[in-house]
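# Fold and geometry: a report
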Amino acid sequence: MAQGGGAKQVKLERESELRIEVGNDAPLKLRLLNGTAEIFGTELPPEIWLTFPPRLKFAVFTWYGATIEMDGSTETDYTADETPNISYVNVHAVLEERRNRAKASPPDDSNSSQPQGPRVIVVGPTDSGKSTLSKMLLSWAAKQGWKPTFVDLDIGQGAITIPGCIAATPIEMPIDPVEGIPLEIPLVYFYGHTTPSNNVDLYKVLVKELAQVIERQFSANAESRAAGMVINTMGWIEGQGYELLLHAIDTFDANVVLVLGQEKLCSMLRDVLKNKPGVDVVKLQRSGGVVSRNAKFRQKSRSHRIREYFYGLANDLSPHSNIANFSDLSVFRIGGGPQAPRSALPIGAEPAADPTRLVPVNINRDLLQTVLAVSFAKDPDQIISSNVAGFIYITDIDLHRKTITYLAPSAGDLPSKYLIAGNLPWLET
Ligand code: ADP
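Residues numbered from 1 in each chain as written. Predicted model: local features only at pLDDT ≥ 70, side-chain atom pairs only at ≥ 80, totals over all residues. Heavy atoms only, no water.

What follows is about the domain arrangement of the protein chain. According to the domain assignment, the protein chain contains domain 1 (8-82), domain 2 (84-103 + 115-284) and domain 3 (318-338 + 353-425). One C-alpha centre belongs to domain 1, the other to domain 3, and the line joining them spans 42 Å. (Domains from an automatic or database assignment.)

The following block contains the structure:
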């Protein structure tokens, strides 16, 4: 059903959606001609052409009917009149009620049972539509004037920042369907790998750090506490992946667990959570529009995400190439995982066994073409518990001059000399 170029109009009946995969090579332009429509919870402005980058997969949904015009080529585009969106918006309505209740009840400083908004966690296998549902719930809430916190625990894709991180940010406006979430000041912890099995303990430690910071923010801010949070998780739901889900539910004190398209997972969670009062486990249907992405596609989209961090979505950012002396920077690696090659360790050091031990890394060409995180830590001891300011990409290492050339979003000194290495290679293409 691939479409060639040229403009065409599509009329959408109420409660139906136009599912689109933008072609590989060129962007697609699209606008709302009449009626009302939304992309994953964010309303389209009338008549304004929007440009969607190659490979983006999305749906334009209408509650009451709309006409859409598109111009450009698509890999696929088709209309579907069966969507789970009514059940999703019903969940939203329940969450709204809880937010309003939390806002209305007087704060009680004497104990921890302060009025709470919903703490929603979205779980399910890969490609079940978890990130999409999270975005919808957040955008609908933001449209009503709430500022819910989005927590992204999916290190594989990274909806808030680059892959390999867990992160959180308040959502103050419906999420822009093209630009995504503004990268302004998210709270980011660097895990450094794209699968948790590399270092499960470290993953748990970081989840805990993130949860503690949000907990502190919530106790200082009744508005965000009432708005609550939406937590997106990884698609790893078997074995250790399942343990990590339980760990996240527990650590964030989630009180609404939304399970997408998996009977077995749902009943397992119901079973273990039945003794936890006040936790609702809700099974939701997976949307037929969710597109499965193979390993190669995922790898590609990870690279795009990293590229976007430095260059912007439309090549609209100009990263800065900087040079530093070896002595100006301290690079560390955290814990076990795939062992750092011996050559990356100081002479005589043994690869670490403790999963959260900090291992100093000798600067050498192994770091070439890798992404490092810049820690906010003031002291090496704080590295694991500190969030990161951003990322740099190593483009050259001169062993004679002892200098590192790296790409950073901006010029000037880094906010700290402490860098964390992981396993995030990226070929700048
Ligand atoms: P998960 O988070 O479970 O891995 P996503 O929510 O990221 O899954 O969805 C997978 C892909 O499918 C994404 O590219 C998303 O934009 C796309 N997608 C989700 N729902 C729809 C839909 N209704 N129509 C078209 N594409 C969709």
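Right, let's get into the packing of helix α1 (residues 85-104) against helix α2 (residues 130-143). Running from amino to carboxyl end, α1 crosses α2 at an angle of 50 degrees, the nearest separation of the two axes being 10 Å. Looking at the two axes, α1 sits oblique to α2. In the packing of α1 onto α2, the handedness of the crossing is right-handed. Taking contact as the criterion, the partners of Asn85, Tyr88, Val89, Val91, His92, Leu95, Glu96 and Arg99 in α1 are, on α2, Leu133, Met136, Leu137, Trp140 and Ala141. (Axes fitted to C-alpha atoms, helices over the stretch in contact; angles between N-to-C directions. Helix = DSSP H or I, 4+ residues; strand = E, 2+ residues; numbered from the N terminus. Parallel < 35°, antiparallel > 145°, perpendicular 65-115°, else oblique. Left-handed = near helix turned anticlockwise from the far one by under 90°. Contact = heavy atoms within 4.5 Å.)

This next bit is on the sheet that holds strand β9 (residues 74-80). Taken together, the 5 strands give an open sheet; going across it, the order is β5-β4-β7-β2-β9, and neighbouring strands pair in antiparallel fashion. This sheet does not close on itself; its edge strands, each paired only once, are β5 (42-43) and β9. As defined by bridge partners, strand β2 (residues 16-22) adjoins β9 across 6 bridges and the pair is classed as antiparallel. Looking at β9, one finds that valine 22 is bridged to threonine 74. (Pairing = 2+ DSSP bridges.)

Another aspect to go through is the pattern of salt bridges. Using the criterion set out here, one finds 18 salt bridges in the structure. The partner of arginine 14 in a salt bridge is glutamate 15, with the nearest N and O atoms 3.9 Å apart. The exposure class assigned to glutamate 15 is partly exposed, which follows from its relative accessible area of 29%. We note a salt bridge from aspartate 396 to arginine 365, for which the minimum N-O separation is 3.9 Å. A residue pair is termed long-range when its members are at least 10 positions apart, and aspartate 396 in strand β21 (residues 388-398) and arginine 365 in the loop between β19 (358-361) and β20 (370-375) qualify at 31 residues. (Salt bridge = Lys/Arg side-chain N within 4 Å of Asp/Glu carboxyl O. Buried < 20%, exposed > 50% of the residue type's maximum accessible area, 1.4 Å probe, protein only.)

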